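Next come the chains, spelled out residue by residue.
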Amino acid sequence: MPTTDPLARALDLAARNVAAGGGPFGAVVVLPDGSMVDGVNRVTLDNDPTAHAEVVAIRAASARLGTFDLSGCSLYSSCEPCPMCGAAALWARLDTVVFAADRHDAAAAGFDDSAFYALFEQPGGEWPTVLRHEASPDRLAPFEAWGRFAARTEY
């Protein structure tokens, strides 16, 4: 029987996910009505580098609620969210993020995000992935189309 403690549930999901062939990470989004939506790390199972437990849980919660705005929801994670997952929580407008293990615990287990945290403090030109700005003459066309589209959904 699943626990009603969302942090304990995230930890249980993470441990069980290892046996299922996934990474040792679990996450739970608690919806405004108190119901919970689970996510586990599926990076290697789905060959998807964005399928971290937090992102999987956020996607599932958004689908359940039919909205990208998760205001009023909280995220519980077995581990401190990496920079990508932290940004996803911000974009989702989650009220709270609670985690058990921290980034140092993760690094000791072989999941070291310190290079990413350090990288974000550097100019894009110093990243291992090349970020190159090419100012196309048509670069504003998508934004102009967005501005003219009366039926757009602001986010």
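Please read these numbers as outputs of a predicted model, since none were measured by experiment.

(A) Looking closely at the packing of aromatic side chains. Per the counting criterion, the structure on display carries four aromatic pairs. An angle of 70 degrees between the planes, with centres 5.9 Å apart, marks the rings of Phe68 and Tyr155 as edge-to-face. A residue pair is termed long-range when its members are at least 10 positions apart, and Phe68 in the loop between α3 (53-65) and β3 (74-79) and Tyr155 in the segment after α7 (141-148) qualify at 87 residues. Accessibility expressed as a relative area gives 39% for Phe68, which makes it partly exposed. The exposure class assigned to Tyr155 is exposed, which follows from its relative accessible area of 62%. Feature note: the residues Phe68, Trp91, Trp146 and Tyr155 constitute an aromatic cluster, connected by ring pairs. We note Arg103 situated over the ring of Tyr117; from NZ or CZ to the ring centre the distance is 3.7 Å.

(B) Molecular detail of the sheet that holds strand β4 (residues 96-101). The strand order across the open sheet formed by four strands is β2-β1-β3-β4, and the pairing between neighbours is mixed. The open sheet has two edge strands with one neighbour each: β2 (36-40) and β4. Neighbour-to-neighbour, the strand axes of the sheet open up by a mean angle of 15 degrees, direction not taken into account. Bridge count for β3 against β4 is five bridges, and the pairing is parallel. In the sheet register, Ser74 faces β4, and the bridge partner there is Thr96. Those strands touched by helix α1 (residues 6-19) are β1 (26-30), β2, β3 and β4, and its axis lies near 145 degrees from that of β1. Helix-sheet contacts for α3 involve β1, β2 and β3, and the interaxial angle to β2 is about 145 degrees.

(C) A look at the packing of α3 against helix α4 (residues 83-92). At a minimum axis separation of 9 Å, α3 and α4 run at an interaxial angle of 20 degrees. In this view, α3 runs roughly parallel relative to α4, as classed from their interaxial angle. Note that α3 runs across α4; the crossing there is left-handed. Across the interface between the two elements, Glu54, Val55 and Ile58 from α3 touch Met84, Cys85, Ala88, Ala89 and Ala92 from α4. In terms of residue class, the contact of α3 with α4 is made up of seven nonpolar, no polar and one charged.

(D) Structural context of the pairing of β3. Burial within β3 is extensive, with six of its six residues counted as buried. Here β1 runs beside β3; their pairing, made up of four bridges, is antiparallel. Note that in β3 the partner of Val28 across the bridge is Tyr76. A crossover connection joins β3 to the parallel β4 through α4; in handedness this β-α-β unit is right-handed.

(E) Region of the structure containing the nonpolar core. Ranked by size, the top nonpolar core spans 17 residues in total, and within it Val29, Leu31, Ala61, Leu70, Cys73 and Leu94 carry the most contacts. Of all elements in the fold, only β1, α3, β3 and α4 reach the threshold of two or more residues within this core. Here this core takes four residues from α3, the largest share from any one element. What Leu31 contacts, discounting residues up to four positions off in sequence, is Val37, Ala61, Arg64, Leu65, Gly72 and Cys73. If you look at the next biggest cluster of nonpolar residues, it comprises seven residues, including Val28, Val30, Val40 and Tyr76.

(F) Just the side chain of Ser62, in detail. Secondary-structure assignment places Ser62 in helix α3. Residue classification places Ser62 among the buried positions, given a relative accessible area of 17%. Setting aside its immediate chain neighbours within four residues, Ser62 contacts Thr67, Phe68 and Leu70.

Parameters and conventions
Residues numbered from 1 in each chain as written. Predicted model: local features only at pLDDT ≥ 70, side-chain atom pairs only at ≥ 80, totals over all residues. Heavy atoms only, no water. Phe/Tyr/Trp six-rings, centres within 6.5 Å; stacked < 30°, edge-to-face > 60°. Helix = DSSP H or I, 4+ residues; strand = E, 2+ residues; numbered from the N terminus. Buried < 20%, exposed > 50% of the residue type's maximum accessible area, 1.4 Å probe, protein only. Lys NZ or Arg CZ within 6 Å of the ring centre and 35° of its normal. Pairing = 2+ DSSP bridges. Axes fitted to C-alpha atoms, helices over the stretch in contact; angles between N-to-C directions. Contact = heavy atoms within 4.5 Å. Parallel < 35°, antiparallel > 145°, perpendicular 65-115°, else oblique. Left-handed = near helix turned anticlockwise from the far one by under 90°. Nonpolar A, V, L, I, M, F, W, Y, C, P; charged D, E, K, R; others polar. Right-handed = clockwise from strand over helix to strand, strands pointing away. Core = buried A, V, L, I, M, F, W, Y, C linked by side-chain atoms within 4.5 Å.

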